[in-house]
Amino acid sequence: MDDRILIIGAGQAGMQIAVTLRDEGFGGEVIIVGDEAYGPYQRPPLSKAYLAGTADVESLELRAEHFYADQTIEMVAGETIVDVRLGEPGSGDAGIATAASGRTFEFDRLAITPGSTPRRLPIEGADLGGVLYLRSLADADALKKRWTAAENLVVIGGGFIGLEVAAAARTAGKTVTVIEVADRLMARAVSSTTSEFYRGAHERRGTRVVLEAQLARIVGDAEHVTGVELAGVGDAKGEFIPADIVMVGIGVIARSELADKLGLDNINGAIVVNEYAETSDPRIVAAGDAVLLPHPLGHDGQVRLESVQNAVDQAKVAAKTLIGIREVHRAVPWFWSDQGDLKLQIAGLSTGFDQIVERGSQASEKFSVLYYRDGRLLAIDAVNDPIDYIAVRRALDTGAEIPAELAADSSVALKTLITSREA
Amino acid sequence: MPEITYFSPDGTQTTLDARDGDSVMETAVKNGVKGIVAECGGACACATCHVYVDEAFTDAVGEPGDLEDDMLDGTAAERLPNSRLSCQLKMNPALNGLTVHIAPKQI
């Protein structure tokens, strides 16, 4: 009987595959193997509530420990899979995965959710004490250990993670400098309209933002960093910025070790899958941050999405594929970033937009930016404006439109403007 | 530990002991109660943990905050006077015995 499913990777996606298998009535064995010391937990609060001390390890758990037993899901933490051999279908041969410890796991069907790892800073001093990254609970604990005593925080990288940590540090009264190589913040995720607002908003709260900055080196010793030296370009050239913590948030890269081992097609380490979450080896499904998937709203091209939403929605499709339910992955991508008291919510993918419509008021820190291409709605950035966010998310969900010329009137609720595409 | 009773849309009833300070949403999700989606994990970012609070507890749970109030206007199921996002309801001894009906549609 082909009834053992192994899931390698115990993050949001890996856990969701297991949950969906059970929800869909799969009665065979389900084993999740993860390389972290903990079972599946929420990562988003690590740069927010966990750092601020309002969430603890137990509150981060995605499911209570007994949940796995109740659902007869075997959750194995702390094992790194270093080798996988696939069985021959129909031959009765099982596949076998081997952990670094020597422990082995037999399986009939395989799902991999390798996740991603922070991009490392390739400069002098990047290995000094107090130069930190933030991805895992262990990373967050390392940050917290130095957090209380730290007076000066330098954040390298003005993306979601960096700005969330910067906001938390400002709230805690620290001196905070954000250093970004690009000419604006969150350049990969939002338009310059939203970027400019965020630069101003962080500055108003006392954070210094240095754009178009090149790093020369990080200074300090193996125990303690003392600061960051900028290179001889830009407004702050050659400046030395004191730091007790240097928090690096310059993006993540897909973890590709397993995909390489299995010979799966990948681009820059990201595993290529089809709309059913199948890899180039149809016996293996993959989901989550490490995956390059067809545009989830059916537009051209492939995307890699680093988000809870993508991990969950893709995992559901992957689980169904494993048990023979053919369901195409279609989902509105959405993201959020809580930076202090600023809640950014994004629905859709704005890439390729040719028109924006702004609603609300930047001055009151409650506004939204709608993105269009050829007159069709693509996405929204909503700042402290969940009503607009929800309206756009629903419109995208149902393939409806919100005409740009009408959306510009902020006095009209967006949800009253939603029209079906055929209309 | 304060107790919560959930009525899921499929008719099942589940009573759980909540950890003091955990939300009504967290307690449900961690224990596998059906019907609460809660994709954002409690950041008040997705409006997929919509519940109707039993009227006996209206005063004890208080009023939704501004952000939650706005999000409630975007729930998939009908908003009623006793609608709340369960991620924003933190458990405490005064809420012992809380009963909520999970909204039939979350997404």
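Residues numbered from 1 in each chain as written. Chains lettered and ligands numbered in written order. Predicted model: local features only at pLDDT ≥ 70, side-chain atom pairs only at ≥ 80, totals over all residues. Heavy atoms only, no water.

Colleague: Could you give an account of the overall build of chain A, naming the residues involved and the relevant values?
Modeller: For chain A, the count of helices and strands is eleven helices and 27 strands. Against the globule reference of 22 Å for 423 residues, chain A gives a C-alpha radius of gyration of 23 Å, in line with a compact fold. Each principal axis of the C-alpha distribution contributes one length, and for chain A these read about 65 × 65 × 35 Å. For chain A, the residues scored as buried account for 55% of the 423 residues in total. Surface exposure of chain A reaches about 17500 Å², of which carbon and sulfur atoms provide 48%. Charged side chains of chain A number 41 positive and 61 negative; the gap between the two group centres comes to 2 Å. (Helix = DSSP H or I, 4+ residues; strand = E, 2+ residues; numbered from the N terminus. Rg over C-alpha atoms; globule rule 2.2 N^0.38 Å. Buried < 20%, exposed > 50% of the residue type's maximum accessible area, 1.4 Å probe, protein only. Areas by Shrake-Rupley, 256 points an atom, 1.4 Å probe, with all protein chains shown as cover. Lys, Arg positive; Asp, Glu negative; His and termini not counted. Charge placed at Lys NZ, Arg CZ, Asp CG, Glu CD.)

Colleague: Outline the sheet that holds strand 5 (residues 98-102) of chain B, listing residues and values.
Modeller: Residues and elements named next belong to chain B. Read from one edge of the open sheet, five strands run 2-1-5-3-4, paired in mixed fashion. Lying at the two open borders of the sheet, with one neighbouring strand each, are strand 2 (13-17) and strand 4 (83-85). The sheet shows a mean angle of 35° between the axes of neighbouring strands, taken without regard to direction. By the bridge criterion, three bridges tie strand 3 (residues 50-53) to strand 4 in an arrangement that is antiparallel. Residue pairing across strands places V51 opposite R84, the latter belonging to strand 4. (Pairing = 2+ DSSP bridges. Axes fitted to C-alpha atoms, helices over the stretch in contact; angles between N-to-C directions.)

Colleague: Residue-level account of the interface of chain A and chain B, with values.
Modeller: Listed by partner, the interface residues are 29 residues for chain A and 24 residues for chain B. Of the roughly 2100 Å² buried between chain A and chain B on both sides combined, carbon and sulfur atoms contribute 49%. Joining chain A to chain B, the criterion identifies four salt bridges. We note a salt bridge from R19 of chain B to D56 of chain A, for which the minimum N-O separation is 3.0 Å. The tally of links between chain A and chain B comes to eleven residue pairs in polar contact (both at pLDDT 80 or more). The set of elements that each furnish at least two residues to the side of chain A that touches chain B consists of helix 3 (57-60), helix 4 (65-70), helix 9 (308-322), strand 23 (334-339), strand 24 (342-348) and helix 10 (386-397) of chain A. (Contact = heavy atoms within 4.5 Å. Buried area = accessible area lost by both parts, 1.4 Å probe. Salt bridge = Lys/Arg side-chain N within 4 Å of Asp/Glu carboxyl O. Polar contact = N/O pair within 3.5 Å; in protein donor to acceptor, adjacent residues only side chain to side chain.)

Colleague: An account of the pattern of salt bridges is needed here, citing residue identities and associated values.
Modeller: Counted according to the given criterion, the structure contains 34 salt bridges over all chains. In this structure, K320 of chain A engages E327 of chain A in a salt bridge whose closest nitrogen and oxygen atoms are separated by 3.1 Å. When salt bridges with common partners are traced through the structure, they connect D56 and E58 of chain A together with R19 and D22 of chain B into a single cluster.

Colleague: Describe the packing of aromatic side chains, with residues and values.
Modeller: All names here are of chain A. One pass over the structure, following the stated rule, counts six aromatic pairs over all chains. A ring pair is formed by F67 and Y68, whose centres lie 5.7 Å apart and whose planes are at 85°; its orientation type is edge-to-face. The same class applies to F67 as to Y68, namely buried. Geometrically, the ring pair formed by F197 and Y198 is edge-to-face, given 5.3 Å between the ring centres and 90° between the ring planes. Taken together through their ring pairs, the aromatic side chains of F197, Y198 and F367 make up a single cluster. Looking at R63, its charged tip hangs above the ring of F67, at a distance of 5.2 Å from the centre. Cation over ring: R326 sits above Y276, and NZ or CZ is 3.9 Å from the ring centre. (Phe/Tyr/Trp six-rings, centres within 6.5 Å; stacked < 30°, edge-to-face > 60°. Lys NZ or Arg CZ within 6 Å of the ring centre and 35° of its normal.)

Colleague: Outline unusual backbone geometry, supporting the account with residue identities and numerical values.
Modeller: Residue and element names in this part refer to chain A. The phi dihedral of M186 falls on the positive side, at around 45°, and the residue is not glycine. Along the polypeptide, M186 turns up in the loop between strand 11 (175-179) and helix 7 (192-204). A positive phi angle is found at N268, which is not glycine, with a value near 50°. On the secondary structure map, N268 appears in the loop between strand 18 (266-267) and strand 19 (270-272).

Colleague: Talk me through helix 7 of chain A; I want residue IDs and the actual numbers.
Modeller: Counted at 1.5 Å a residue, the expected span for helix 7 of chain A with its 13 residues is 18 Å, and the 18 Å between its end C-alpha atoms agrees. Taken together, the buried positions of helix 7 of chain A are occupied by T193, T194, S195, F197, Y198, G200, A201 and H202 of chain A. (Expected span 1.5 Å × (residues − 1).)

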